[in-house]
Amino acid sequence: GISDEVVKRAPSFAQVLPTLLEISKGHVALAWDAKWSVGLVRAEMTRLSHPTSKALAVDLSSWAWQSEPPIASPWAWSFEATCKRWGVEIKREAHGMLADALACWPLWWAIVDRTQELMPREFEEMLKLQRHFQFRQAFETYADKFQQEN
């Protein structure tokens, strides 16, 4: 895991932000649970009084959720479990987050390959469909949790 000891010599978010903005300019983020990741970056930018944008992000968790039959266990929807089901190796000789980031690209292409009939041709349409998936995923998750509690 990530501890204070691991990050004490790491640069601060303020120090890496200029590089992050430069390398991400004109690109679309690809992430597992992208809503959380993009939200975290926006929160840090706001904390630094830096203007934020409506950055576009492809959410792998939403597309994987939509592309597979329902799985009851919430642990089955972890990044690691999903990669395993889709045959994507996470190379753990790198830092955990770097290894996860490197596994996102092959996972995305595995999802695209399996879901070609769902995949819109226009990016904006894809994001609209993704928002629908995210809403459905959240609804089903909370409905299952509610049923288990009652």
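An account of the accompanying structure is given in this report. None of the values given here were measured: they were computed from a predicted structure. (Residues numbered from 1 in each chain as written. Predicted model: local features only at pLDDT ≥ 70, side-chain atom pairs only at ≥ 80, totals over all residues. Heavy atoms only, no water.)

When its secondary structure is counted, the chain shows seven helices and two strands. Ordered by position in the sequence, the α and β elements of the chain form the string α-α-β-α-β-α-α-α-α. Buried residues in the chain amount to 28% of all 150 residues. Long-range pairs, those at least 24 residues apart, make up 62% of the contacts in the chain with a sequence separation of at least 6. Carbon and sulfur atoms form 60% of the exposed surface of the chain, whose accessible area is close to 10,700 Å². (Helix = DSSP H or I, 4+ residues; strand = E, 2+ residues; numbered from the N terminus. Buried < 20%, exposed > 50% of the residue type's maximum accessible area, 1.4 Å probe, protein only. Contact = heavy atoms within 4.5 Å. Areas by Shrake-Rupley, 256 points an atom, 1.4 Å probe, with all protein chains shown as cover.)

We now examine the pattern of salt bridges. A pair can form between side chains of opposite charge whenever their charged atoms are brought close. Across all of its chains, the model carries three salt bridges by this definition. In this structure, Glu22 engages Lys25 in a salt bridge whose closest nitrogen and oxygen atoms are separated by 3.6 Å. Look at Glu22 and you get exposed, because its relative accessible area is 52%. Arg47 serves as the salt-bridge partner of Glu44, at 2.6 Å between the closest nitrogen and oxygen. (Salt bridge = Lys/Arg side-chain N within 4 Å of Asp/Glu carboxyl O.)

It is worth spelling out the side chain of Ser67 at this point. Here Ser67 is to be found in helix 4 (residues 60-67). Ser67 gets classed as buried once you look at its relative accessible area, which sits at 16%. Polar side-chain contacts of Ser67 include one of 2.5 Å to the backbone oxygen of Trp63. Not counting chain neighbours up to four residues away, the residues in contact with Ser67 comprise Trp86, Ile111, Arg114 and Thr115. (Polar contact = N/O pair within 3.5 Å; in protein donor to acceptor, adjacent residues only side chain to side chain.)

What follows concerns the environment of Ala103. With respect to the helices, strands and loops of the structure, Ala103 is situated in helix 6 (residues 96-114). Since its relative accessible area comes to 1%, Ala103 is described here as buried. For Ala103 and Ile90, which are 13 residues apart along the polypeptide, the C-alpha to C-alpha distance reads 5.6 Å. Among residues more than four places away in sequence, those in contact with Ala103 are Phe79, Cys83, Val88, Glu89 and Ile90.

Structural measurements only, silent on function.
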